Amino acid sequence: MPQLPPSSPYDAELARTREFFATRAADWDARFPDDGPRYAAAIAELGLRPGQSVLDAGCGTGRALPLLRAAVAAEGRVFGADVTPEMLQQAATRHPGTATLLLADCARLPLPGAALDAVFAAGLISHLPDPARTLRELARVTRPGAVLALFHPVGRAALAARHGRALTPDDLRAEPRLRPLLAAAGWHLDSYTDRDDRYLALATRVHP
């Protein structure tokens, strides 16, 4: 599909994110071959039931999609949204028929309001041009009481070390920053884990 020129700083940052992941899509899973059990453990904490509806926000190559499908069973609905066509192509190839795939910015989802029971977001929040905007959109498409899981298979300190940078207190994934950010968008942070082998923040959609 043709790429339109960026029309705002937001769109320019989104384009940079798309470019970053486009060149890495084909071998993304091969770079992190041991993360599967951590994904499974995090998805189990969503407490999904057969027949429910769930979104993998920023689904990438679709690693979480079979796990989400198994949790909601054949009668449930699974959506995977990603802004990078190359990532979605990998998801479609690797997990055919598992989910409805959406080429979409997670801050502008083509879903009706209050449509979902849960959202799983692996590694998403640090790549967002406007995290507050995206969290509000995720609140829009979920029902009151829905669960949001912000996940990464390693914690903040381990991830910073992997990229050769220091862990700073202004990281929006830090609990003191994340809690008010979620609250302003319609979420209540219920639990927060940040250790070397797991980052998982679980939040509940509050009543409007």
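Here the structure is shown first, and the text comes after it.
Here goes a summary of the coordinates provided.

A word on the nonpolar core. Counting 30 residues, the largest nonpolar core has Leu55, Leu138, Leu148, Leu182 and Trp187 as its most contacted members. When sequence neighbours within four positions are dropped, the list of residues in contact with Leu182 reads Leu135, Leu148, Leu150, Trp187, Leu189 and Ala203. Within the second largest apolar cluster, 21 residues are counted, among which are Ile43, Leu48, Ala64 and Phe151.

Looking now at the sheet that holds strand S6 (residues 187-195). If you walk across this open sheet you meet the seven strands as S3-S2-S1-S4-S5-S7-S6, and the pairing is mixed. In the strand order of this sheet, the two ends are held by strand S3 (100-103) and S6, each with one partner. Sheet twist, expressed as the average angle between the axes of neighbouring strands with direction ignored, equals 15°. Note: strand S2 (residues 77-82) against S3, four bridges, orientation parallel. If you follow Asp82 over to S3, its bridge partner there is Leu103. With respect to the sheet, helix H3 (residues 36-44) is in contact with strand S4 (116-122), strand S5 (142-152) and strand S7 (198-205), its orientation differing from that of S4 by roughly 150°. Relative to S3, helix H5 (residues 85-94) is tilted by about 170°, and along the sheet it contacts S2 and S3.

To continue, consider the packing of aromatic side chains. The tally for this structure, following the rule as stated, stands at seven aromatic pairs. An angle of 65° between the planes, with centres 5.4 Å apart, marks the rings of Trp28 and Phe32 as edge-to-face. Members of the aromatic cluster, joined through ring pairs, are Phe20, Phe21, Trp28 and Phe32. Looking at Arg24, its charged tip hangs above the ring of Phe20, at a distance of 3.7 Å from the centre. Sitting above the plane of the Tyr39 ring, Arg63 keeps its charged end 5.6 Å from the centroid.

What follows covers helix H4 (residues 65-72). Those residues of H4 lying buried are Leu65, Leu68 and Val72. Angularly, the buried residues of H4 cover 65° about the axis, an arc narrow enough to put them on a single face. Of the surrounding elements, those touching the buried residues of H4 are H3, strand S1 (53-57), S2, H5, S3 and S4. Ala73 sits one or two residues past H4 and shows a positive phi near 65°.

Within the secondary structure, Gly51 is located in the loop between H3 and S1. A relative accessible area of 40% places Gly51 in the partly exposed class. C-alpha separation for the pair Gly51 and Ala25, spaced 26 residues apart in sequence, amounts to 31 Å.

Under the criterion given, the structure shown has 13 salt bridges. Close ionic contact of Arg63 with Asp29 constitutes a salt bridge, the shortest N to O distance being 3.9 Å. With Arg63 in the loop between S1 and H4 and Asp29 in helix H2 (residues 28-31), the pair connects residues that are 34 residues apart, well separated along the chain. Like Arg63, the residue Asp29 is buried in the burial classification. Within this structure, Asp29, Asp35, Arg63 and Arg94 form a network of salt bridges that share partners.

Rules and cut-offs
Residues numbered from 1 in each chain as written. Predicted model: local features only at pLDDT ≥ 70, side-chain atom pairs only at ≥ 80, totals over all residues. Heavy atoms only, no water. Core = buried A, V, L, I, M, F, W, Y, C linked by side-chain atoms within 4.5 Å. Buried < 20%, exposed > 50% of the residue type's maximum accessible area, 1.4 Å probe, protein only. Contact = heavy atoms within 4.5 Å. Pairing = 2+ DSSP bridges. Helix = DSSP H or I, 4+ residues; strand = E, 2+ residues; numbered from the N terminus. Axes fitted to C-alpha atoms, helices over the stretch in contact; angles between N-to-C directions. Phe/Tyr/Trp six-rings, centres within 6.5 Å; stacked < 30°, edge-to-face > 60°. Lys NZ or Arg CZ within 6 Å of the ring centre and 35° of its normal. Arc of directions from axis to C-beta. Salt bridge = Lys/Arg side-chain N within 4 Å of Asp/Glu carboxyl O.

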